[in-house]
Amino acid sequence: DTGVSQNPRHKITKRGQNVTFRCDPISEHNRLYWYRQTLGQGPEFLTYFQNEAQLEKSRLLSDRFSAERPKGSFSTLEIQRTEQGDSAMYLCASSPDRAGSNEQFFGPGTRLTVL
Amino acid sequence: RKEVEQDPGPFNVPEGATVAFNCTYSNSASQSFFWYRQDCRKEPKLLMSVYSSGNEDGRFTAQLNRASQYISLLIRDSKLSDSATYLCVVIPERSYIPTFGRGTSLIVHP
């Protein structure tokens, strides 16, 4: 399968714990995005990488959230001191760096539950 | 006002019906427009891009109205398998950051 993969698929944690999610994009895609989605809402943009450079970060993103893409391939999203409000589906998407191409290919997501 | 607005529905239609969704956007500098489909508990997948001249893909037709700042999706001859949430996506010019609407739920029944 050469699509976007995410691990873990599900994560249950207690409030105050740290969690880390991983995303492996489609190999030739330079752009990588993280989103958060809650029930009844569309995906909400969190952050964006072009290769290893983090170019945009949502103003709504708390400083408890950090993302990396150290070698321009896979990416990690860490949430520190989780809160119940962090419970959501965390989606990763990748996109090729071609002029006129903005199609995003999504991974299956990581569902986070904070107790 | 939200950047991208959609009626969440649900739209309940019988098989074979024609159904249309609209999506309005607030940023007049928006440049790229898309419809994505999301099945229950699955990831979104691109349904179609929306071009200025309008475009059609089988039973699906997408149109853009820049003057009124909305895009539309028309589904003809609805199938049971069309049941899903349809997400409107808008990207401003000189940006790679999409804004998703909350989605419109479609339920096609026998």
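Quick note: structure is the one above.
Residues numbered from 1 in each chain as written. Chains lettered and ligands numbered in written order. Predicted model: local features only at pLDDT ≥ 70, side-chain atom pairs only at ≥ 80, totals over all residues. Heavy atoms only, no water.

Draft legend 1. Expanded view of the interface of chain B and chain A. Contacts between the two partners involve 17 residues from chain B and, on the opposite side, 19 residues from chain A. Buried area between chain B and chain A, both sides added, is near 1600 Å², and the carbon and sulfur share of it is 56%. Our count for the chain B to chain A interface comes out at 0 salt bridges. Across the chain B-chain A interface, the total number found is 4 residue pairs in polar contact (both at pLDDT 80 or more). For the side of chain B that touches chain A, the secondary structure elements donating two or more residues are β4 (30-38), β5 (44-50) and β9 (84-92) of chain B. Considering every element that reaches the side of chain B that touches chain A, the biggest residue donor is β4(B), with 4 residues. A class-by-class count of the residues in the side of chain B that touches chain A yields 10 nonpolar, 3 polar and 4 charged. (Contact = heavy atoms within 4.5 Å. Buried area = accessible area lost by both parts, 1.4 Å probe. Salt bridge = Lys/Arg side-chain N within 4 Å of Asp/Glu carboxyl O. Polar contact = N/O pair within 3.5 Å; in protein donor to acceptor, adjacent residues only side chain to side chain. Helix = DSSP H or I, 4+ residues; strand = E, 2+ residues; numbered from the N terminus. Nonpolar A, V, L, I, M, F, W, Y, C, P; charged D, E, K, R; others polar.)

Draft legend 2. Structural context of the pairing of strand β3 (residues 19-25) of chain B. Residues and elements named next belong to chain B. Burial of the side chains of β3 is restricted to one face: V19, F21, C23 and Y25 are buried, whereas none of A20, N22 and T24 on the reverse face is. By the bridge criterion, 6 bridges tie β3 to strand β8 (residues 70-75) in an arrangement that is antiparallel. Note that in β8 the partner of N22 across the bridge is S72. (Buried < 20%, exposed > 50% of the residue type's maximum accessible area, 1.4 Å probe, protein only. Pairing = 2+ DSSP bridges.)

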